[in-house]
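Residues per chain, in single letters:
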Amino acid sequence: MSSTPAPHGAEVTVRPELEGLDDLADLLRGNPSAALVLRAGRHSAAVPAELAGALRVLVTALAHGEAVTLTPHEAMLTTQEAADVLGVSRPTLVRLLESGALPYTQPGTHRRVLLADVLAYAAAQRHLVVRAPEGPPARTRVPRG
């Protein structure tokens, strides 16, 4: 497995080149609710459930030949990177920024967007309820007379 070493707070990319990933993925998938414990020599620690879930996703992706990038939420993205996260074009992202839908900074000539803001916007968009348009109002007959 190759990775980009990084100091705390930096992006790390891991590529799936390690033997044994399939076995590890099978073990994690086969025991989805089992508690995970890390051991290093005589020391051990329980892995919190949220981190264990993330580890299962990470190892499964690597076992399927996908590279994985871990990025802190404090990371600043270019407009193209933010557009890629949202699955929209860069011009569409720029319109979102200029409309105020997403906050951004512009330290020089280029806009930068906080990854946490992009993820929050994506989550909010997923939770919007889209109502189907209703047809014309039904006509009611008023009796004469």
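Right above here is the structure, for reference.
Each value, and the rule that gives it
- Within any chain, residue numbers begin from 1 and follow the written order of that chain's sequence.
- This being a predicted model, a pLDDT of at least 70 is required before a residue's local features are given, and a value of 80 or more before pairs of side-chain atoms are given or counted; all residues contribute to the totals for chains, interfaces and linings.
- Side-chain numbers come from the whole structure's heavy atoms, not from hydrogens or water.
- The axes are straight lines fitted to the C-alpha atoms, using for helices just the contacting stretch, and the angles between their N-to-C directions are given from 0 to 180°.
- Helix numbers and strand numbers start at the N terminus; a helix is a DSSP run of H or I with at least 4 residues, a strand a run of E with at least 2.
- Reported orientations rely on four angle classes, namely roughly parallel under 35 degrees, roughly antiparallel over 145, roughly perpendicular from 65 to 115, and oblique for the rest.
- By definition in these notes, contact holds between two residues if any of their heavy atoms fall within 4.5 Å.
- Ten residues, namely Ala, Val, Leu, Ile, Met, Phe, Trp, Tyr, Cys and Pro, are considered nonpolar, four, namely Asp, Glu, Lys and Arg, are considered charged, and the remaining ones, Gly among them, are considered polar.
- Strands are labelled as partners when DSSP assigns at least two bridges between them.
- Residues enter a nonpolar core if they are buried and are Ala, Val, Leu, Ile, Met, Phe, Trp, Tyr or Cys, with the set joined through side-chain atoms within 4.5 Å.
- For the exposure calls, accessible area comes from a 1.4 Å probe over protein chains only, and a residue counts as buried if that area is under 20% of its type's maximum, exposed if over 50%, partly exposed in between.
- Here a Phe, Tyr or Trp ring, Trp counted by its six-membered ring, pairs with any other such ring whose centre lies within 6.5 Å, and the pair is stacked when the planes are under 30 degrees apart, edge-to-face when over 60, and tilted otherwise.
- Any Lys NZ or Arg CZ that is within 6 Å of a ring centre and within 35 degrees of that ring's normal is treated as a charge sitting over the ring.

**Student:** I'd like a rundown of the packing of helix H3 (residues 79-86) against helix H4 (residues 90-99), residues and numbers included.
**Tutor:** The geometry of H3 relative to H4 is characterised by a closest axis approach of 9 Å and an angle of 100° between their N-to-C directions. Between H3 and H4, the angle falls in the class roughly perpendicular. Between H3, through Thr 79, Gln 80, Ala 82, Ala 83 and Leu 86, and H4, the contact on the second element is made entirely by Arg 90, Leu 93, Leu 96 and Leu 97. Residues of the contact of H3 with H4, tallied by class, amount to 6 nonpolar, 2 polar and 1 charged.

**Student:** Please give an account of the pairing of strand E3 (residues 36-40) that cites residues and values.
**Tutor:** Bridge count for E3 against strand E4 (residues 43-47) is 5 bridges, and the pairing is antiparallel. Pairing of Val 37 across the sheet is with Ala 46, part of E4. Here E3 hands over to E4 after 2 residues, with Gly 41 in that stretch at a positive phi of 65°.

**Student:** Pulling in residues and values, what's your account of the nonpolar core?
**Tutor:** If you look at the biggest cluster of nonpolar residues, it comprises 14 residues, and the most contacted ones within it are Ala 82, Leu 86, Leu 93, Leu 102 and Val 118. Contributing elements (two or more residues each) for this core: H3, H4 and helix H5 (115-127). Sorting elements by how many residues they give to this core places H5 first, with 4 residues. With near-sequence residues (within four places) excluded, Ala 82 lies in contact with Leu 77, Leu 93, Val 113 and Val 118. In this structure, Val 14, Leu 28, Val 47 and Leu 62 belong to the second largest nonpolar core, which totals 11 residues.

**Student:** Explain the packing of aromatic side chains to me, using residue names and the numbers behind them.
**Tutor:** One pass over the structure, following the stated rule, counts 0 aromatic pairs. Of note, Arg 111 hangs over the ring of Tyr 104, and the distance from its end group to the ring centre comes to 5.7 Å.

Note that every value here comes from positions in space, so none of it alone points to a role or purpose.
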